[in-house]
Amino acid sequence: MTAKNIKFDRTTLQALANQAITIVFHNADPGILHNVAIYSDSSAKQSLFVGSTFNGPKTETYHVPALSPGTFYFRCDVHHQMNGTFVVVAGSPSPGG
Ligand SMILES: [Cu+2]
């Protein structure tokens, strides 16, 4: 995902449950700090993952620990108006399983 002009390029992120999640985060705003943090809900009281905050232009790869299925909240901790929904879905069962 990309942050540009103090906006994320998507408002929904989806990942599979119970496996490590990789987020390649591109901060395209020169000299502006952004990150991606995931919280249990929009109150942002309980963090599930907080990515490092860094100046653009730069790309970092975040390694998010496995999460349980659910609908969560992500935001930039610097600009709270940059936010969206982080959906973790159960993986499909194996064929014939
Ligand atoms: Cu930001």
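Note: the structure precedes this text.
So, here's what we can say about the structure. Predicted model, so just to flag it, every value in this text is computed and none were measured.

Some words on the packing of aromatic side chains
Point 1. Tallied over the entire structure, the rule returns five aromatic pairs.
Point 2. Here the aromatic rings of Phe8 and Phe25 are separated by 6.0 Å at their centres, their planes lie at 65 degrees, and the arrangement is edge-to-face. Remark: Phe25 occurs in strand E4 (residues 21-27) and Phe8 occurs in strand E2 (residues 7-8); sequence separation between them is 17 residues.
Point 3. Put simply, the rings of Phe8, Phe25, Phe49, Phe54, Tyr62 and Phe74 touch in pairs and so form one group of aromatic residues.

Observations regarding the pairing of E4
Point 1. Only one face of E4 is covered, namely the one carrying Ile21, Ile23, Phe25 and Asn27; the face carrying Thr22, Val24 and His26 has none of its residues buried.
Point 2. Bridge count for strand E1 (residues 2-4) against E4 is two bridges, and the pairing is parallel. The partner of Thr2 across the bridge, within E4, is His26.
Point 3. Where E4 meets strand E9 (residues 58-64), seven bridges bridge the pair, whose relative direction is antiparallel. Across the sheet, residue Ile23 finds its bridge partner in E9, namely Tyr62.

Quick look at unusual backbone geometry
Point 1. The peptide bond linking Gly56 to Pro57 adopts the cis configuration, its omega dihedral lying at -5 degrees.
Point 2. Checked against the element boundaries, Pro57 lands in the loop between strand E8 (54-55) and E9.
Point 3. Located in the positive-phi region is Ile6, a residue other than glycine, with phi close to 55 degrees.
Point 4. Mapped onto the elements of the fold, Ile6 is located in the loop between E1 and E2.
Point 5. Since its relative accessible area comes to 27%, Ile6 is described here as partly exposed.

Section: the pattern of salt bridges
When the charged atoms of two side chains with opposite charge come close together, those side chains can pair.
Point 1. Counting across every chain of the model gives three salt bridges.
Point 2. Between Arg10 and Asp9 there is a salt bridge whose closest N-O contact spans 3.9 Å.
Point 3. Arg10 sits in the partly exposed class, given a relative accessible area of 41%.
Point 4. Classification of Asp9 as partly exposed rests on a relative accessible area of 47%.

What about the side chain of Asn35?
Point 1. Following the sequence through the fold, Asn35 ends up in the loop between strand E5 (33-34) and strand E6 (37-39).
Point 2. The buried category is assigned to Asn35, whose relative accessible area is 0%.
Point 3. A polar atom in the side chain of Asn35 sits 2.8 Å from the backbone oxygen of Gly51.
Point 4. A polar contact of 2.7 Å, which involves the side chain of Asn35, links it to the backbone nitrogen of Asp77.

Observations concerning the sheet that holds E1
Point 1. A sheet is described by the order of its strands in space; here four strands give the open sequence E2-E1-E4-E9, paired in mixed fashion. Each edge of the sheet is formed by a strand with only one pairing partner; in this case those strands are E2 and E9.
Point 2. For E1 and E2, the ladder comprises two bridges, and the chain directions are antiparallel. The partner of Ala3 across the bridge, within E2, is Phe8.

Basis of the calculations
- Residues numbered from 1 in each chain as written.
- Predicted model: local features only at pLDDT ≥ 70, side-chain atom pairs only at ≥ 80, totals over all residues.
- Heavy atoms only, no water.
- Phe/Tyr/Trp six-rings, centres within 6.5 Å; stacked < 30°, edge-to-face > 60°.
- Helix = DSSP H or I, 4+ residues; strand = E, 2+ residues; numbered from the N terminus.
- Buried < 20%, exposed > 50% of the residue type's maximum accessible area, 1.4 Å probe, protein only.
- Pairing = 2+ DSSP bridges.
- Salt bridge = Lys/Arg side-chain N within 4 Å of Asp/Glu carboxyl O.
- Polar contact = N/O pair within 3.5 Å; in protein donor to acceptor, adjacent residues only side chain to side chain.

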